[in-house]
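Listed here are the chains, written in short residue letters.
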Number of protein chains: 2
Amino acid sequence: MELYLIRHGNAEERGEYSQDEERTLTETGQEKTKKLGQRLLEIGIHFDLILTSPLVRAEQTAELLKEVGLSEKILRFPDLKPGGKLENWVNWWQESGYNKDHNKLVLVGHQPDLGNWTELLVWGKVASKLIVKKAGVIGLKLPLKITPLGNSELFLLTSPKWLISQRN
Amino acid sequence: MELYLIRHGNAEERGEYSQDEERTLTETGQEKTKKLGQRLLEIGIHFDLILTSPLVRAEQTAELLKEVGLSEKILRFPDLKPGGKLENWVNWWQESGYNKDHNKLVLVGHQPDLGNWTELLVWGKVASKLIVKKAGVIGLKLPLKITPLGNSELFLLTSPKWLISQRN
């Protein structure tokens, strides 16, 4: 079972908004996210479900990934907001029916949470040693018969640059 | 300072060779390695130096990366052979003159060593949780003023598929 984590694209500066939750993607952020989605599609990726943080910049990112054809379904997942609890996601996942061998899920959220969740899933503790850029992608293999906490494997970590920078 | 680790490309089966050291890259392995090198070049990567394991399949990989223009220099580094010691590399690096802010080095070697070295550099211990495919690439940021062991950061881990699979 493959779990992907994607950080939201570039968003407007904090100063422009009274509520951090309301910050939207910049034009560049939308463009880059769309290109990333198209590239993932070319590589052959399709998600059974996109789970997104309820913050606007994450929801917009999730919508763009859906629009390019990466998935038919989006679910807002409250614990994907900054400071949310991985344990709540793990509990949800184990009851979700998406914990099968062929499933591919993606979580759209924020830093440092996505990096921290990855470290908890793979090494069982947070050391904050992963650099996850905006519109960056993480890929994990989750075990199905034991808890994924501390038992998952990392196969992908990349900023969008490596996937979408132009060919000559 | 950026340190890259690249696993050798697909090699001939063990059965064909009496000495594991002598196994060469298959045609597919050469092709994939060349494409990977060209893609890294497009992204704007250039290495100050390629360090390679002395085993034939690694040396061939290193040569192909040099041929496409990723570096002008190759150095055989004995501890990049299977079972080699990371500490010996760290000692070399700290005396090498390549431990400067703008330097980019690449190590060409084997699994599980490259994954283990990465875990030692980033988290300080080996848990064997990284999936590193043939011609896969790892990218680390190494600190310059303290030991890199347990103090480095991971910014890239990818199989060649994500970098070189054909566009539609």
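Residues numbered from 1 in each chain as written. Chains lettered and ligands numbered in written order. Predicted model: local features only at pLDDT ≥ 70, side-chain atom pairs only at ≥ 80, totals over all residues. Heavy atoms only, no water.

Trainee: Residue-level account of the relation of the copies chain A and chain B, with values.
Mentor: Take chain A, turn it by 180 degrees, move it 0.0 Å along the axis, and it overlays chain B with an RMSD of 0.0 Å. Interpreted geometrically, this transformation is the action of a two-fold axis. Of every C-alpha in chain A, the one belonging to Leu 157 of chain A sits nearest the axis of rotation, 2.4 Å from it. The fraction of interface residues of chain A whose copies in chain B are also interface residues reaches 100%, indicating that both copies meet through the same surface. (Least-squares fit on C-alpha atoms with pLDDT ≥ 70 in both. Contact = heavy atoms within 4.5 Å.)

Trainee: Outline the pattern of salt bridges, supporting the account with residue identities and numerical values.
Mentor: Inspection of the entire model under this criterion finds 14 salt bridges over all chains. Linking Asp 20 of chain A and Arg 23 of chain A is a salt bridge whose minimum nitrogen-to-oxygen distance equals 2.6 Å. For Arg 23 of chain A, a relative accessible area of 8% puts it in the buried group. Its salt-bridge partner being Arg 76 of chain B, residue Glu 59 of chain B comes within 2.5 Å of it at the nearest N-O pair. Residue Glu 59 of chain B is found in helix α2 (residues 56–67), and its partner Arg 76 of chain B is found in strand β3 (residues 74–76); the two are separated by 17 residues along the sequence. Judged by relative accessible area, Arg 76 of chain B falls into the exposed class, the value being 53%. (Salt bridge = Lys/Arg side-chain N within 4 Å of Asp/Glu carboxyl O. Buried < 20%, exposed > 50% of the residue type's maximum accessible area, 1.4 Å probe, protein only. Helix = DSSP H or I, 4+ residues; strand = E, 2+ residues; numbered from the N terminus.)

Trainee: Would you mind going over the nonpolar core in detail, with residue names and values included?
Mentor: One finds Trp 89 of chain A together with Trp 89 of chain B to be the most contacted residues of the largest nonpolar core, which totals 52 residues. With five residues, the single largest contributor to this core is helix α4 (residues 113–123) of chain A. (Core = buried A, V, L, I, M, F, W, Y, C linked by side-chain atoms within 4.5 Å.)

Trainee: Describe in detail the packing of helix α1 (residues 27–43) of chain A against helix α2 (residues 56–67) of chain A, supporting the description with residues and values.
Mentor: Residues and elements named next belong to chain A. Viewed as axis vectors pointing N to C, α1 and α2 meet at an angle of 40 degrees, and their least axial separation amounts to 9 Å. In terms of axis orientation, α1 runs oblique to α2. As α1 runs across α2, the sense of the crossing is right-handed. Where α1 abuts α2, its residues Gln 30, Thr 33, Lys 34 and Gly 37 lie against Thr 61, Leu 64 and Leu 65. Taken together, the residues of the contact of α1 with α2 break down into two nonpolar, four polar and one charged. (Axes fitted to C-alpha atoms, helices over the stretch in contact; angles between N-to-C directions. Parallel < 35°, antiparallel > 145°, perpendicular 65-115°, else oblique. Left-handed = near helix turned anticlockwise from the far one by under 90°. Nonpolar A, V, L, I, M, F, W, Y, C, P; charged D, E, K, R; others polar.)

Without other data, these values stay purely geometric and don't point to any function.
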